[in-house]
Amino acid sequence: MIKYTHELIEEYKDFVDPKGKIRREVENGRFYPIIRGLYETDPNVTPLRLAQYIYGPSYISFETALGYHGLIKMNVYTVLSSTFNKRKRKEYKTFFGLYAYRDVPMEVFPLAVEPIQIDGYSYIIATKEKALCDKLYTMAPFGGQKALKSYLFEDLKINRDRFKKLDKALIEELAPKYRSHNLMLLSKLIEGESI
């Protein structure tokens, strides 16, 4: 369970030194520091559940969401999330793993995301279509559809059958909002050619 320093200080207000009590609880393995002012009580918590608490507003996206939705098989060792208007990439190394955050356009930030609530934790994750759009938005421009296909199916190793089942209407709705060459290529790829 997530705990904030101010909550713990309130919880330990009857102690002479509430902050000292928190330090001792960390040393005894009752609390695990995540970032300054934020602790977790469960050392085995699924790392996805913490991403939104570390830095926000944010939602889980990129390869992390693509793996979560089964579009790619690769193991993702960093929890990757989208933010907006932060203007720089942020990374946090924690007891629970590495968390990285990258900007997407503000116009697309609230679109095509799914809220998830599990065991008292809540987080937001991109749909597979949105995660793919976010990923391509952060890439250098591809020379054409052939280069894009090579990246999707050889580098990212996206499952072709699952790619064919993507919500084409959603991608066509999202793509222009990114104002990105890569997203225009993706939109043309899904509307036209057989994969």
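Here, the structure is the one placed above.
Let me begin by describing the structure that accompanies this report.

Description of the packing of helix H5 (residues 128-137) against helix H8 (residues 168-178)
Next, step 1: Relative to each other, H5 and H8 sit at 30°, their axes nearing to 10 Å. With respect to their mutual orientation, H5 and H8 come out roughly parallel. Between H5 and H8 lies a crossing whose hand is right-handed. Across the interface between the two elements, Glu129, Lys130, Cys133, Asp134 and Tyr137 of H5 pack against Leu170, Ile171, Leu174 and Tyr178 of H8.
Next, step 2: Classifying every residue of the contact of H5 with H8 by side-chain character gives 6 nonpolar, no polar and 3 charged.

What about the environment of Glu91?
Next, step 1: Examined against the element boundaries, Glu91 turns out to sit in strand E6 (residues 90-94).
Next, step 2: On the basis of relative accessibility, which here comes to 47%, the residue Glu91 falls in the partly exposed class.
Next, step 3: Residues Glu91 and Arg102, 11 residues apart in the sequence, show an inter-C-alpha distance of 9.2 Å.
Next, step 4: Excluding its chain neighbours within four sequence positions, the residues that come into contact with Glu91 are Leu98, Tyr99 and Ala100.
Next, step 5: Polar contacts involving the side chain of Glu91 include one to the side chain of Arg89, which spans 3.4 Å.

Quick notes on the rules
- Residues numbered from 1 in each chain as written.
- Predicted model: local features only at pLDDT ≥ 70, side-chain atom pairs only at ≥ 80, totals over all residues.
- Heavy atoms only, no water.
- Axes fitted to C-alpha atoms, helices over the stretch in contact; angles between N-to-C directions.
- Helix = DSSP H or I, 4+ residues; strand = E, 2+ residues; numbered from the N terminus.
- Parallel < 35°, antiparallel > 145°, perpendicular 65-115°, else oblique.
- Left-handed = near helix turned anticlockwise from the far one by under 90°.
- Contact = heavy atoms within 4.5 Å.
- Nonpolar A, V, L, I, M, F, W, Y, C, P; charged D, E, K, R; others polar.
- Buried < 20%, exposed > 50% of the residue type's maximum accessible area, 1.4 Å probe, protein only.
- Polar contact = N/O pair within 3.5 Å; in protein donor to acceptor, adjacent residues only side chain to side chain.

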